[in-house]
Amino acid sequence: MRADRAVVAGTVVLFVGTAVAAGPLVGLPLLEPEPADPGTGSVSATVADPPTRVTLEATDFGAGYDLRGPPVPVTLSEVAGRPYLSYTVAVPALGHQTTSLTVVEADGRLRLTMNPSTLSEGAVEADSYEGRVAIHAIDDDGRRVVAETAVTVEVRE
Amino acid sequence: MRGRGRRLARAVVGDRYGAIVLLAAVATYLLCWRVGILITDTYTVANTLVAVADGHLFVDRAVYGTGLRTPGMGLRDGQFYGRNYGQVMLALPVLAALEAVAAVASLRVALAALWGLSIVGLARLVGREAGRPQLGAYAGSGLAIVAFAAAIHGATPIEPAERYLVALQLQTMGAAALVGVFVHRLLTRAYGGTVGVAAGLATALATPVGVWAQFPKRHVLVTLCAVATAYLLYRSREAGGVDTRYRALAYVPVGVAAWVSAAEGAVLLVALLVVDVPTGGRDGRSIAAAGATAVLAALPTVVTNYLVTGNAGEPPRTLSAGGSGSLAERGSTSTRTDGGEPGGASGDAGGGSTDQTAAGDSGGSETLDAVVGGVEFLFELLWRGLRALLREPETLFVTFVRGGYVAGVAERDAGEAIRLTVLEAMPLAAGLVAVPVVAARLDLRARAAAFRRRPWPRPSALRTVDAFAVVYVLALLLVYLPRLPVHASLTVRYLLACYPLAVYGLARLPSVRRVMRERPRLCAATVASALLVGGQLLVLYQWAIDATMGEAVQTHALVGLATAGLLAAWAVADALGWRRDRVGAVALGLAAAAGAAFVLLAGLWHFAFVGPRALPFV
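Predicted, not measured: the structure shown is a model, and the values here were computed from it.

Undergrad: For the overall build of chain B, give the residues involved together with the corresponding values.
TA: Counting secondary structure elements, chain B contains 27 helices and four strands. A separation of at least 24 residues holds for 79% of the contacts in chain B among residues at least 6 apart in sequence. Looking at chain B as shown, the accessible area adds up to about 25100 Å², and 64% of this sits on carbon and sulfur atoms.

Undergrad: Hey, could you go over a nonpolar patch on the surface for me, with residue numbers and the actual values?
TA: Residues and elements named next belong to chain B. Together, Leu532, Val533, Leu537, Val539, Leu540, Trp543, Leu604 and Trp605 make up an exposed nonpolar region whose accessible area comes to about 810 Å². Contributions of two or more residues to the nonpolar patch are made by helix H25 (520-544) and helix H27 (581-606). If you tally residues by element for the nonpolar patch, the top one is H25, at six residues.

Undergrad: An account of the side chain of Thr28 of chain B is needed here, citing residue identities and associated values.
TA: Residues and elements named next belong to chain B. On the secondary structure map, Thr28 appears in helix H2 (residues 16-32). Judged by relative accessible area, Thr28 falls into the buried class, the value being 17%. At 2.7 Å, the side chain of Thr28 forms a polar contact with the backbone oxygen of Ala24. For Thr28, the residues in contact, after removing those within four places along its chain, are Leu205 and Leu600.

Undergrad: Lay out the nonpolar core in plain terms, naming residues and giving numbers.
TA: Formed by 181 residues in total, the largest nonpolar core has its most connected members in Tyr29, Trp33, Trp212, Leu428, Phe468, Tyr472 and Leu495 of chain B. It is helix H7 (residues 163-191) of chain B that provides the largest number of residues to this core, a total of 17 residues. Leaving out residues up to four positions away in the same chain, Trp33 of chain B has contacts with Leu111, Val166, Gln169, Leu170, Met173, Gln214, Pro612, Arg613 and Ala614 of chain B. Core analysis: the second largest hydrophobic core is formed by 29 residues, Val104, Ala147, Val153 and Val155 of chain A among them.

Undergrad: With reference to specific residues and values, describe the sheet that holds strand E3 (residues 79-81) of chain B.
TA: Residues and elements named next belong to chain B. A sheet is described by the order of its strands in space; here three strands give the open sequence E1-E3-E2, paired in antiparallel fashion. Of all strands in the sheet, those with a lone pairing partner are strand E1 (58-59) and strand E2 (74-76), marking the two edges. Looking at chain direction, E1 and E3 are connected through two bridges and run antiparallel. Bridge pairing links Val59 to Phe80 in E3.

Undergrad: I'd like a description of a positive patch on the surface, backed by residues and values.
TA: Residues Arg5 of chain A together with Arg6, Arg10 and Arg128 of chain B make up a contiguous surface patch of positive charge. Under the relative-accessibility criterion, Arg6 of chain B is labelled exposed at 56%.

Undergrad: Please set out helix H13 (residues 262-279) of chain B residue by residue, giving values where relevant.
TA: Residue and element names in this part refer to chain B. Compared with an ideal rise of 1.5 Å per residue, which puts 18 residues at 26 Å, H13 spans 26 Å between its outermost C-alpha atoms and is within 8% of the ideal. Within H13, the axis deviates most sharply at Leu273, by approximately 25 degrees. Within H13 the residues assigned to the buried category are Ala263, Glu264, Gly265, Val267, Leu268, Ala271, Leu272, Val275, Asp276 and Thr279.

Undergrad: Give a detailed account of the interface of chain A and chain B, specifying residues and quantitative values.
TA: Every contact between the two is made by 45 residues of chain A and, on the other side, 48 residues of chain B. Together, the buried faces of chain A and chain B total about 3600 Å²; carbon and sulfur atoms form 61% of this surface. Where chain A touches chain B, the interface holds one salt bridge. We note a salt bridge from Glu551 of chain B to Arg68 of chain A, for which the minimum N-O separation is 3.6 Å. Summed over the shared surface of chain A and chain B, the number is two residue pairs in polar contact (both at pLDDT 80 or more). The greatest single-element share of the side of chain A that touches chain B, amounting to twelve residues, is contributed by helix H1 (residues 3-21) of chain A. A breakdown of the residues in the side of chain A that touches chain B according to their chemical character gives 21 nonpolar, 15 polar and nine charged.

Undergrad: Any chance you could break down the confidence of the model for chain B for me, citing the residues and the numbers?
TA: Detail in the predicted coordinates should be disregarded across regions flagged by low pLDDT. Mean pLDDT over chain B: 85, with 90% of residues reaching 70 or higher. Every residue in residues 322-363 of chain B is under pLDDT 50, and counting partners more than four places away or in other chains gives 116 contacts.

Undergrad: Hey, could you go over H25 of chain B for me, with residue numbers and the actual values?
TA: Residues and elements named next belong to chain B. Spanning 25 residues, H25 covers 35 Å between terminal C-alpha atoms, matching the ideal 36 Å at 1.5 Å per step. Most pronounced at Leu531, the bend in H25 amounts to some 30 degrees. For H25, the complete set of buried residues consists of Cys523, Thr526, Ala530, Gly535, Leu538 and Gln542. Immediately beyond the C-terminal end of H25, within one or two residues, lies Asp546, with a positive phi of roughly 50 degrees.

Undergrad: I'd love a proper account of the packing of helix H26 (residues 549-575) of chain B against H27 of chain B, names of residues and values included.
TA: Residues and elements named next belong to chain B. Interaxial distance between H26 and H27 falls to 8 Å at its minimum, and their mutual angle equals 165 degrees. Considering their axes alone, H26 and H27 lie roughly antiparallel with respect to each other. Classified by chirality, the crossing of H27 by H26 is left-handed. Residues Met549, Ala552, Val553, His556, Val559, Gly560, Thr563, Leu566, Leu567 and Trp570 of H26 form the contact with H27, whose own contacting residues are Val583, Gly584, Ala587, Leu588, Leu590, Ala591, Ala594, Ala597, Phe598, Leu601 and His606.

Undergrad: Residues and numbers for the domain arrangement of chain A, please.
TA: Frequently, the measure chosen for interface size is the accessible area that the parts lose on association. Taken as a whole, chain A is organised into domain 1 (1-33) and domain 2 (40-156). Computed over C-alpha atoms, the centres of domain 1 of chain A and domain 2 of chain A are 46 Å apart.

Undergrad: Let's hear about the pairing of strand E6 (residues 96-103) of chain A: which residues, and what values?
TA: All names here are of chain A. Both strand E5 (residues 84-91) and E6 contribute to a ladder of eight bridges, which runs antiparallel. Looking at E6, one finds that Ala90 is bridged to Gln97. Between E5 and E6, which pair antiparallel one after the other, the connecting turn spans four residues, and Gly95 there sits at a positive phi close to 65 degrees.

The rules behind each value
Residues numbered from 1 in each chain as written. Chains lettered and ligands numbered in written order. Predicted model: local features only at pLDDT ≥ 70, side-chain atom pairs only at ≥ 80, totals over all residues. Heavy atoms only, no water. Helix = DSSP H or I, 4+ residues; strand = E, 2+ residues; numbered from the N terminus. Contact = heavy atoms within 4.5 Å. Areas by Shrake-Rupley, 256 points an atom, 1.4 Å probe, with all protein chains shown as cover. Patch = residues over 30% accessible without salt bridge, like charges linked within 9 Å, V, L, I, M, F, W, Y side chains within 5 Å. Salt bridge = Lys/Arg side-chain N within 4 Å of Asp/Glu carboxyl O. Buried < 20%, exposed > 50% of the residue type's maximum accessible area, 1.4 Å probe, protein only. Polar contact = N/O pair within 3.5 Å; in protein donor to acceptor, adjacent residues only side chain to side chain. Core = buried A, V, L, I, M, F, W, Y, C linked by side-chain atoms within 4.5 Å. Pairing = 2+ DSSP bridges. Lys, Arg positive; Asp, Glu negative; His and termini not counted. Charge placed at Lys NZ, Arg CZ, Asp CG, Glu CD. Expected span 1.5 Å × (residues − 1). Bend = angle between axes of the 7 residues up to and from the residue. Buried area = accessible area lost by both parts, 1.4 Å probe. Nonpolar A, V, L, I, M, F, W, Y, C, P; charged D, E, K, R; others polar. pLDDT = per-residue confidence, 0-100. Axes fitted to C-alpha atoms, helices over the stretch in contact; angles between N-to-C directions. Parallel < 35°, antiparallel > 145°, perpendicular 65-115°, else oblique. Left-handed = near helix turned anticlockwise from the far one by under 90°. Domains from an automatic or database assignment.

Have a look at this one:
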């Protein structure tokens, strides 16, 4: 048998062998155990310095305005399981609200971010709006407020 | 045993180059694969597969989604029924294979192994073709082993409940790869290996076929049926006469398409009939064989219709009448006061409003009524399309050329401009602007003389396929135009079958074939360097501006349009006699790379909200 054929055959055997070894018949623990469902467990979180303003930035390509909030430093302790932190920005005058979820898995400091959310061009008329930012923790005890502040929504062209 | 396996492989992929196209497509699709649901009516199809695997057509378990009331689910006599039963039935063998593998092995590791094997196979084949078989074997094995280890490191098992969705996604990916293979086989027979391989790879990897490969909707399957029909039609006319066997076989994919979606099958049937009947000759045996095959191919559809709606002529879709599905739930939820209701007014692919004449009274004439109603409905759709075309020609522009932010559409796409036009999604299609120029420069007088001569000679195999492609694309366009542009369509998915046919059209241009034959290396090098350098710059730019999904997609749109402009300029100039093969090779390469960049980044990055990667590399 030529060497290159042997290498290919060896690779195939390795792949199939590994798949079977990790399977129910052999049960070698090659994979990580299935993680807990997100939003379960427990967490204690504090926000020392909640944001005071968020922005509505005109997007490129004329696709409207992106609602963006700054990263929020959060201190986490007593994390167990995979609880969520949620970052909500609401602009009541525009009837718009967006929530981003982040799974947290370890104690320490975390910069909580949000996914920008797009509003259509026609909706935004004023230079600024009143808004609200809320950080929630979601775990076995349900959903509770970690921080909630009024913010200025600054419109940037 | 081995001989039979080989024969089967040969029947599917054709030759070694076909295998290269297949493996390259499969390897890429598996890499980009996310186990999840993009569009809400996939919940319906996935839950239908659960039901069919349980042994019944009505749906009673919502393994996916929060309940059974999902877009596209129909209600009859208090039972829920799904749709796309053909797709579901054809996914059963895949599901059975998955269950068999899962019984002895870890499914996640087996998927990683499948991907590794596709890399090894690809490397071996390419190595052999390049005259370096040993290098191919060593490099392929090495790369595959490293990637395999990376893929299973830290991965978690696949939940048994996910298997139905995994089966559907694997089925669609296989079908998408076969779309490339059939384009390759058709064009290899017509123009030789270089053109064939390039066209096959371009179809599978640089058009939206690659984007939709992992999303188990009807489009990829229907596209495969259309391309297979074109291939079989070509084979039937290849030898100058009409080959009865292939002519009859051409009706099989039509039946499959109808089983997946009745309206799509009807459009395909119309296109095939319009071309096949006038050009197929008057041999009674041949006509009988084709007719009998068509009837047999329609049988699964008819039986399913009868069992689901109680009327053989009414497809399952008539039960739900609407529900085109919106983008599935994303990681972040946006709510807005004027928020769009998912599903709703614009029903999905035709069939939606076939007159339901008091179902459930008498037997035979009901079926006939429904069939006649369906035919009538199809013609009404075509007529509506024509009217839309004449009244709102600007729809063509936002569907084919430049879309950007279309308020009414984006509102229902979570407020983002995540929609590409045909040209933005497949810049290669820009080459087709040269078709009128090429046609005009042909010797018209000789043509006219030939036209006056009677009897007309039988059209060549390629002209037959040309006619089929034109009729099919036009019919598809007329049927869907009144509803375009539409949300949750990303790359004009309703017209997905047009993309491989556009590749076919490109290969029909003498200039493109000449460049592919004279400058294949330059073209390939352009694709590779544009992807490696340009692709990374694109990623860097989008990362730097922290692009929203809409901005990211629109960046692709503009890059695509730029390359499309270059290609169009070259194609027209070449048709007018300005020969610059190098420019052509670069223009084709850039356009292909722009299309491929979207295929790759869409799966790897932009549509991350769909779900976790099937092969979670760190």
